[in-house]
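The lines below spell out each chain.
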Amino acid sequence: MSIAYTPITPAIGARVEGVSLSNITAGDFERLYAIWQRHHVIVLRNQELTNPQFERFSAMLGELDPPPNQGAGRKSVPGHPNLYVVSNRKDGTGEPIGALGDGEAQWHTDMSYLARPPFASMLWSIELPDAGGDTCFASMPAALRSMPQQLVERIERIMIKHDGTYDSGGNVRKGVTPTDDPMHSPGTPHPVVIEQPETRERTLYLGRRRNAYIPGLSLQDSEALLDEIWGYATAPQVTMRHQWRLGDVVLWNNFTTMHRRDAFPADQFRTLHRSQIKGKYVPTAAAQEERA
Ligand SMILES: [Fe+2]
């Protein structure tokens, strides 16, 4: 079996074949990692896995990050405290077994309100609805390259405060007072143009649009500049769409991508298991481009 891959779009994503994650060798892992570094999202179809095998593969990327303790509590895979359940299914008592429900999740990168956000996340599909629930990804290096130079020069010098109030399903995080005031909501500032810490590739780092704020600007100016940035960051030519099949594993880089999810019918079930790699890096401003 030898690894082969096909780019999904010129900007983002690669479909990788010839790898069984259940017993991946160190050599194949190295090749897979190199493909991932270049394409930011990798999709592996038809993976026959158990939870311990999924956990073992995930841990090859780094120390695992247990599920966040949200308003609804931790949603772990039973017996696997490091794996997170993303599901709209409920248990016998009516309690959701996982996070995020059946609604749309808007563009975001995971947990960027932390000073040292997770570097990578991975989803593995367990059960799927007949339609809906696609996950889309956007390439932040491609979005940065698509911007006019004047805009790049402007945003190289600024930070965005990444909101810590809401999760990607729009739910209030545990212990936080709900607010829709971007200037005063809790959060962490990060530079807008950072380096991917392992490849040094220049990339945008945006977090999520809701309650985002550019310190030092009036709210009106901050909103206008953020809308302009988000226009490039979510343009169709920098994005890809993943339609889930059973047995898919999708791995993404949180420093170089954003993702979103379509809603799906409330009377159907969608369950995925997620692993996340603990933050190893602090997002660091990229050196300003040399210009003639
Ligand atoms: Fe997410």
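Structure: see above.
A quick note: this is a predicted structure, and the numbers were derived from the prediction, not measured. (Residues numbered from 1 in each chain as written. Predicted model: local features only at pLDDT ≥ 70, side-chain atom pairs only at ≥ 80, totals over all residues.)

Q: Is there a simple way to think about the overall build of the chain in this case?
A: A tally of helices and strands in the chain yields five helices and 17 strands. Its C-alpha atoms give the chain a radius of gyration of 19 Å, near enough to 19 Å, the size a compact globule of 292 residues would have. Its C-alpha atoms put the chain at 50 × 45 × 35 Å along the principal axes. Each of the 292 residues in the chain was classed as buried or not, and the buried ones make up 42%. Expressed as a percentage of contacts within the chain between residues at least 6 apart in sequence, the contacts between residues at least 24 apart total 78%. (Helix = DSSP H or I, 4+ residues; strand = E, 2+ residues; numbered from the N terminus. Rg over C-alpha atoms; globule rule 2.2 N^0.38 Å. Buried ≥ 20, exposed ≤ 12 C-beta atoms within 10 Å, placed from the backbone. Contact = placed C-beta atoms within 7 Å.)

Q: Would you mind showing me how to read the sheet that holds strand 7 (residues 105-108) here?
A: Through backbone hydrogen bonds, the strands of a sheet pair up, either in parallel or in antiparallel fashion. Pairing is antiparallel in the open sheet, where four strands are placed in the order 7-16-9-14. Each edge of the open sheet carries a strand with a single partner, namely strand 7 and strand 14 (239-242). Taken over all neighbouring pairs, the strand axes of this sheet differ in orientation by 15 degrees on average, direction set aside. Here strand 9 (residues 135-139) runs beside strand 14; their pairing, made up of four bridges, is antiparallel. Considered in strand 14, the bridge of T135 is made with H242. (Pairing = 2+ DSSP bridges. Axes fitted to C-alpha atoms, helices over the stretch in contact; angles between N-to-C directions.)

Q: Looking at this structure, I do not really get the environment of I155. What am I missing?
A: Among the structural elements, I155 can be located in helix 4 (residues 149-155). The class for I155 is buried, based on 20 C-beta atoms found within 10 Å. Along the sequence, I155 and S87 sit 68 residues apart, while their C-alpha atoms lie 37 Å from each other.

Q: It is not clear to me how the nonpolar core should be interpreted in this structure. Could you clarify?
A: Soluble globular proteins tend to bury their nonpolar side chains together. The biggest cluster of nonpolar side chains holds 63 residues, and the ones touching the most others in it are A143, L204 and A233. Here the element with the most residues in this core is strand 8 (residues 120-127); it accounts for five residues. In contact with A233, other than residues within four places in its own chain, are A138, M140, A143, L204, L206 and M258. (Core = buried A, V, L, I, M, F, W, Y, C linked by C-beta atoms within 7 Å.)

Q: Before we go on, may I ask you to explain the pairing of strand 8 in this structure?
A: Strand residues, when the strand is regular, have side chains that alternate between the two faces of the sheet. With seven of its eight residues buried, strand 8 lies for the most part within the structure. Looking at chain direction, strand 8 and strand 15 (residues 249-253) are connected through five bridges and run antiparallel. Note on strand 15: the bridge partner recorded for M122 is L251. Pairing of strand 8 with strand 17 (residues 271-277) involves seven bridges; the strand directions are antiparallel. By the bridge assignment for strand 17, S125 is matched with L272.

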